[in-house]
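# A look at the structure
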Amino acid sequence: MTPFAIIGSQRSGTTFLRRSLNSHPDIVCHGEPFNPDTEGMLEAPVRRADMPPREGRDADPIAFLDRLMSFHAAGLAGFKLLLAHSPTVLEEIAARGYRLIILRRENALARYSSGQILAAMQVSGQSFFRTANTGPSAIRSTFDPEAFEHHVETDRRRWEAFAAILDVHNPPCLELDYGDVVWGDGRERVLDFLGAERRPLKAWMQKLNSTDVVSRFANPHVVETYLSDRGLTRWAQEGPPDWKQG
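Residues numbered from 1 in each chain as written. Predicted model: local features only at pLDDT ≥ 70, side-chain atom pairs only at ≥ 80, totals over all residues. Heavy atoms only, no water.

### Overview of the pattern of salt bridges
Tallied over the full model, the rule gives 18 salt bridges. A salt bridge links arginine 157 to glutamate 153, with the nearest nitrogen and oxygen atoms 3.6 Å apart. With arginine 157 and glutamate 153 both in helix α6 (residues 145–169) and 4 residues apart, the pair spans about one turn of that helix. What makes arginine 157 partly exposed here is its relative accessible area of 43%. The exposure class of glutamate 153 is partly exposed, given its relative accessible area of 29%. Taken together, the salt bridges that share partners define one network made up of Glu153, Arg156, Arg157 and Glu160. (Salt bridge = Lys/Arg side-chain N within 4 Å of Asp/Glu carboxyl O. Helix = DSSP H or I, 4+ residues; strand = E, 2+ residues; numbered from the N terminus. Buried < 20%, exposed > 50% of the residue type's maximum accessible area, 1.4 Å probe, protein only.)

Structure (structure tokens):
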């Protein structure tokens, strides 16, 4: 069995990649088993009843990791682990030489807005796998510069801590950007990195928010001014290389 993990920040394409990999017959990828707020999504052959409850997981996350991976005798088995979930597990899998698929999303405004919109939809009881959040009826976030900068700084510190772990343990890594996975050849590169046969992958997901990032906010003029003042106008939109606003 070859163990691996998908590593990244929230709203960086990690779920899209995880669900894509699970459409491959030789790969199993669990969803956030170390999320402190939930129990995560466990894939067959693991069942929830096979695993310790959340309290046991949090008391001894390494024992939980060993138990989880013990159900996979062959093939490629892994899980999604966000940087905020468990530094203990993050360091342990790096030390053990897990293959790490590292996803980044350079457009921090797109990542921030996506998280804000998702949180608002969860409060209103809407499904994570919703229809596209675009058009006049779309739920929008309100841009708060101070909250956004706190979000960016927190993410920066987490990436710095992760970089220190990589420097110590030097596990095999593949670094990709959000666009590589959603619009480019990133998923094929992941299969090559894991040593899996290349074949079409199906994520059963679609991009939900507008590629015009500024339009995701209820106060777009504030966003435009903020980006212009800081030389970050490239964050105003996010799409495939051939996408143009029009």
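### A few points about the nonpolar core
Within the largest apolar cluster, 26 residues are counted, with the highest numbers of intra-cluster contacts made by Ile7, Phe79, Leu81, Ile93, Leu100 and Phe162. Breaking this core down by element, the ones donating at least two residues are β1 (2–8), α3 (61–69), β3 (76–82), α4 (87–96), β4 (99–104) and α6. The residues contacting phenylalanine 162, other than those within four sequence positions of it, are Ile7, Leu83, Leu90, Leu100 and Ile102. (Core = buried A, V, L, I, M, F, W, Y, C linked by side-chain atoms within 4.5 Å. Contact = heavy atoms within 4.5 Å.)

### Quick notes on the sheet that holds strand β2 (residues 27–30)
Overall, parallel pairing links the 5 strands, which are arranged β2-β3-β1-β4-β5 in an open sheet. Only two strands of the sheet have a single neighbouring strand rather than two, namely β2 and β5 (173–177). On average, each strand axis in the sheet is inclined to that of its neighbour by 20 degrees, with strand direction left out of account. The pairing of β1 with β3 spans 7 bridges and is classified as parallel. The partner of isoleucine 7 across the bridge, within β3, is leucine 81. Along the sheet, α6 contacts β1, β4 and β5; its crossing angle with β4, the most-contacted strand, is approximately 155 degrees. Each of β1, β2, β3, β4 and β5 is contacted by helix α8 (residues 186–194), which is oriented at about 175 degrees to β5, the strand it contacts most. (Pairing = 2+ DSSP bridges. Axes fitted to C-alpha atoms, helices over the stretch in contact; angles between N-to-C directions.)

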